[in-house]
Amino acid sequence: FVISWLLNNQISGDNTKRLLQITSARAKRLHPAFGTDPKRLTSLVTDGGSENDCKVVKSYLDDSPLCLVIAQQHVDFPNILIECFFRSLKNNFLYLQNITSKKELIEKLKFYIRQYNNLIPHGAFKGATPREIYMDRWSSSDEKKLEENGQSAADRRREKNKSQTCSNCWNV
(Lines give C-alpha, C1' and ligand atoms only; values in the text may rest on other atoms or scores of the structure.)
Protein backbone atom coordinates (compact mmCIF):
# COMPACT_ATOMS: atom_id res chain seq x y z
CA PHE A 1 0.00 0.00 0.00
CA VAL A 2 1.49 3.31 -1.03
CA ILE A 3 0.65 5.68 1.82
CA SER A 4 2.46 8.68 0.38
CA TRP A 5 5.04 9.67 -2.16
CA LEU A 6 6.97 12.70 -3.37
CA LEU A 7 8.58 13.60 -6.65
CA ASN A 8 11.83 15.48 -6.09
CA ASN A 9 14.59 16.84 -8.30
CA GLN A 10 17.29 15.58 -5.97
CA ILE A 11 17.96 12.79 -3.51
CA SER A 12 18.57 13.93 0.06
CA GLY A 13 17.95 13.06 3.67
CA ASP A 14 15.79 16.19 4.01
CA ASN A 15 13.49 14.96 1.25
CA THR A 16 13.29 11.52 2.88
CA LYS A 17 12.47 13.13 6.23
CA ARG A 18 9.73 15.23 4.61
CA LEU A 19 8.24 12.10 3.02
CA LEU A 20 8.37 10.26 6.37
CA GLN A 21 6.56 13.15 8.07
CA ILE A 22 3.82 13.09 5.44
CA THR A 23 3.62 9.29 5.63
CA SER A 24 3.32 9.29 9.43
CA ALA A 25 0.53 11.89 9.33
CA ARG A 26 -1.41 9.94 6.69
CA ALA A 27 -0.89 6.64 8.52
CA LYS A 28 -2.29 8.25 11.67
CA ARG A 29 -5.39 9.40 9.75
CA LEU A 30 -5.87 5.91 8.28
CA HIS A 31 -5.17 4.14 11.59
CA PRO A 32 -5.76 6.43 14.58
CA ALA A 33 -3.86 3.99 16.80
CA PHE A 34 -0.70 4.41 14.66
CA GLY A 35 2.15 5.42 16.94
CA THR A 36 0.25 5.18 20.22
CA ASP A 37 1.93 2.01 21.47
CA PRO A 38 5.67 2.59 21.99
CA LYS A 39 6.26 -1.18 21.93
CA ARG A 40 4.69 -1.52 18.46
CA LEU A 41 6.87 0.01 15.79
CA THR A 42 6.20 -0.06 12.07
CA SER A 43 9.19 -1.17 10.04
CA LEU A 44 10.41 1.14 7.32
CA VAL A 45 12.38 -1.04 4.93
CA THR A 46 14.73 0.97 2.71
CA ASP A 47 17.86 0.46 0.69
CA GLY A 48 21.18 1.65 2.09
CA GLY A 49 21.25 4.86 0.05
CA SER A 50 22.69 7.97 1.70
CA GLU A 51 19.25 9.62 1.57
CA ASN A 52 17.88 6.90 3.88
CA ASP A 53 20.85 6.03 6.10
CA CYS A 54 21.76 9.50 7.38
CA LYS A 55 21.61 11.67 10.52
CA VAL A 56 18.57 13.69 9.38
CA VAL A 57 16.46 10.57 8.87
CA LYS A 58 17.75 8.74 11.96
CA SER A 59 17.11 11.81 14.12
CA TYR A 60 13.52 12.02 12.86
CA LEU A 61 12.98 8.31 13.43
CA ASP A 62 14.21 8.55 17.04
CA ASP A 63 10.89 10.23 17.94
CA SER A 64 8.75 8.29 15.48
CA PRO A 65 6.76 5.05 15.59
CA LEU A 66 8.79 3.98 12.56
CA CYS A 67 11.79 1.70 12.82
CA LEU A 68 14.44 1.94 10.10
CA VAL A 69 15.35 -1.43 8.59
CA ILE A 70 17.97 -1.32 5.87
CA ALA A 71 17.53 -4.14 3.40
CA GLN A 72 20.47 -6.54 3.14
CA GLN A 73 22.14 -4.79 6.08
CA HIS A 74 19.76 -5.21 9.03
CA VAL A 75 17.90 -8.07 7.36
CA ASP A 76 18.93 -10.63 4.75
CA PHE A 77 16.20 -9.80 2.25
CA PRO A 78 16.02 -6.96 -0.27
CA ASN A 79 13.36 -4.26 -0.31
CA ILE A 80 11.49 -6.41 -2.80
CA LEU A 81 8.02 -4.90 -2.33
CA ILE A 82 9.02 -1.41 -3.43
CA GLU A 83 11.21 -2.84 -6.20
CA CYS A 84 8.20 -4.79 -7.51
CA PHE A 85 6.03 -1.69 -7.27
CA PHE A 86 8.52 0.41 -9.27
CA ARG A 87 8.94 -2.32 -11.89
CA SER A 88 5.16 -2.47 -12.31
CA LEU A 89 4.86 1.33 -12.38
CA LYS A 90 7.50 1.64 -15.07
CA ASN A 91 6.77 -1.40 -17.25
CA ASN A 92 2.98 -1.47 -17.03
CA PHE A 93 2.34 2.24 -17.05
CA LEU A 94 5.01 4.93 -17.38
CA TYR A 95 6.84 3.45 -20.37
CA LEU A 96 3.49 3.41 -22.21
CA GLN A 97 2.85 7.12 -21.63
CA ASN A 98 3.98 10.17 -23.55
CA ILE A 99 4.77 12.52 -20.66
CA THR A 100 5.89 16.02 -21.55
CA SER A 101 6.01 17.88 -18.22
CA LYS A 102 6.54 17.42 -14.50
CA LYS A 103 2.91 18.43 -13.88
CA GLU A 104 1.71 15.73 -16.27
CA LEU A 105 4.04 13.18 -14.63
CA ILE A 106 2.59 14.00 -11.20
CA GLU A 107 -0.98 13.57 -12.50
CA LYS A 108 -0.08 10.21 -14.11
CA LEU A 109 1.59 9.05 -10.88
CA LYS A 110 -1.47 10.03 -8.83
CA PHE A 111 -3.69 8.07 -11.21
CA TYR A 112 -1.50 4.95 -11.19
CA ILE A 113 -1.04 4.91 -7.40
CA ARG A 114 -4.82 5.22 -6.89
CA GLN A 115 -5.31 2.30 -9.28
CA TYR A 116 -2.54 0.28 -7.63
CA ASN A 117 -3.87 0.84 -4.11
CA ASN A 118 -7.58 0.52 -4.74
CA LEU A 119 -8.34 -1.49 -7.89
CA ILE A 120 -5.51 -3.77 -8.96
CA PRO A 121 -5.72 -7.15 -7.19
CA HIS A 122 -2.38 -8.71 -6.32
CA GLY A 123 -1.48 -12.37 -6.48
CA ALA A 124 0.74 -12.01 -3.41
CA PHE A 125 -2.39 -10.92 -1.51
CA LYS A 126 -4.48 -13.77 -2.98
CA GLY A 127 -6.65 -11.37 -4.99
CA ALA A 128 -6.91 -8.50 -2.53
CA THR A 129 -5.87 -4.95 -3.27
CA PRO A 130 -3.14 -3.29 -1.20
CA ARG A 131 -5.78 -1.06 0.48
CA GLU A 132 -7.83 -4.09 1.53
CA ILE A 133 -4.76 -5.64 3.13
CA TYR A 134 -3.51 -2.43 4.76
CA MET A 135 -6.94 -1.55 6.15
CA ASP A 136 -7.52 -5.19 7.23
CA ARG A 137 -10.60 -5.53 5.01
CA TRP A 138 -9.77 -8.85 3.33
CA SER A 139 -10.68 -12.17 4.87
CA SER A 140 -10.43 -15.83 4.04
CA SER A 141 -14.11 -15.75 3.07
CA ASP A 142 -13.33 -13.00 0.51
CA GLU A 143 -10.52 -15.14 -0.82
CA LYS A 144 -12.81 -18.19 -1.04
CA LYS A 145 -15.54 -16.17 -2.78
CA LEU A 146 -13.02 -14.87 -5.33
CA GLU A 147 -11.81 -18.41 -5.99
CA GLU A 148 -15.39 -19.68 -6.42
CA ASN A 149 -16.27 -16.80 -8.77
CA GLY A 150 -13.14 -17.50 -10.82
CA GLN A 151 -14.00 -21.19 -11.09
CA SER A 152 -17.59 -20.37 -12.05
CA ALA A 153 -16.40 -17.96 -14.77
CA ALA A 154 -14.00 -20.60 -16.13
CA ASP A 155 -16.81 -23.20 -16.20
CA ARG A 156 -19.12 -20.78 -18.09
CA ARG A 157 -16.38 -20.01 -20.65
CA ARG A 158 -15.77 -23.72 -21.25
CA GLU A 159 -19.50 -24.40 -21.76
CA LYS A 160 -19.87 -21.45 -24.13
CA ASN A 161 -16.80 -22.53 -26.12
CA LYS A 162 -18.14 -26.10 -26.39
CA SER A 163 -21.54 -24.91 -27.61
CA GLN A 164 -20.19 -22.78 -30.45
CA THR A 165 -19.30 -24.42 -33.73
CA CYS A 166 -18.20 -23.08 -37.05
CA SER A 167 -18.74 -24.54 -40.51
CA ASN A 168 -15.01 -25.13 -40.95
CA CYS A 169 -14.62 -27.14 -37.74
CA TRP A 170 -15.71 -30.63 -36.91
CA ASN A 171 -18.06 -30.84 -34.01
CA VAL A 172 -16.03 -33.04 -31.67
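Residues numbered from 1 in each chain as written. Predicted model: local features only at pLDDT ≥ 70, side-chain atom pairs only at ≥ 80, totals over all residues. Heavy atoms only, no water.

J.: Any chance you could break down the packing of aromatic side chains for me, citing the residues and the numbers?
T.: Within this structure, the stated rule accounts for 7 aromatic pairs. Both rings, one in Phe85 and one in Phe86, keep their centres 5.5 Å apart while their planes meet at 65°; by these two values the pair is edge-to-face. Residue classification places Phe85 among the buried residues on the basis of a relative accessible area of 6%. Ring centres 6.1 Å apart and planes at 50° place the aromatic pair Phe85 and Tyr112 in the tilted group. (Phe/Tyr/Trp six-rings, centres within 6.5 Å; stacked < 30°, edge-to-face > 60°. Buried < 20%, exposed > 50% of the residue type's maximum accessible area, 1.4 Å probe, protein only.)

J.: Now, about the confidence of the model for the protein: what can you tell me, with residues and values included?
T.: For the protein, mean pLDDT is 87; residues scoring 70 or higher make up 95% of the total. The secondary structure element of the protein with the lowest average pLDDT is strand S1 (residues 42-46), at 81, and the one with the highest is helix H4 (residues 102-118), at 96. (pLDDT = per-residue confidence, 0-100. Helix = DSSP H or I, 4+ residues; strand = E, 2+ residues; numbered from the N terminus.)

J.: Please set out the pairing of S1 residue by residue, giving values where relevant.
T.: In regular strands, side chains alternate between the two faces of the sheet. One ladder, built from 5 bridges, connects S1 with strand S2 (residues 66-70); its direction is parallel. Opposite Ser43, over in S2, you have Cys67 as the bridge partner. (Pairing = 2+ DSSP bridges.)

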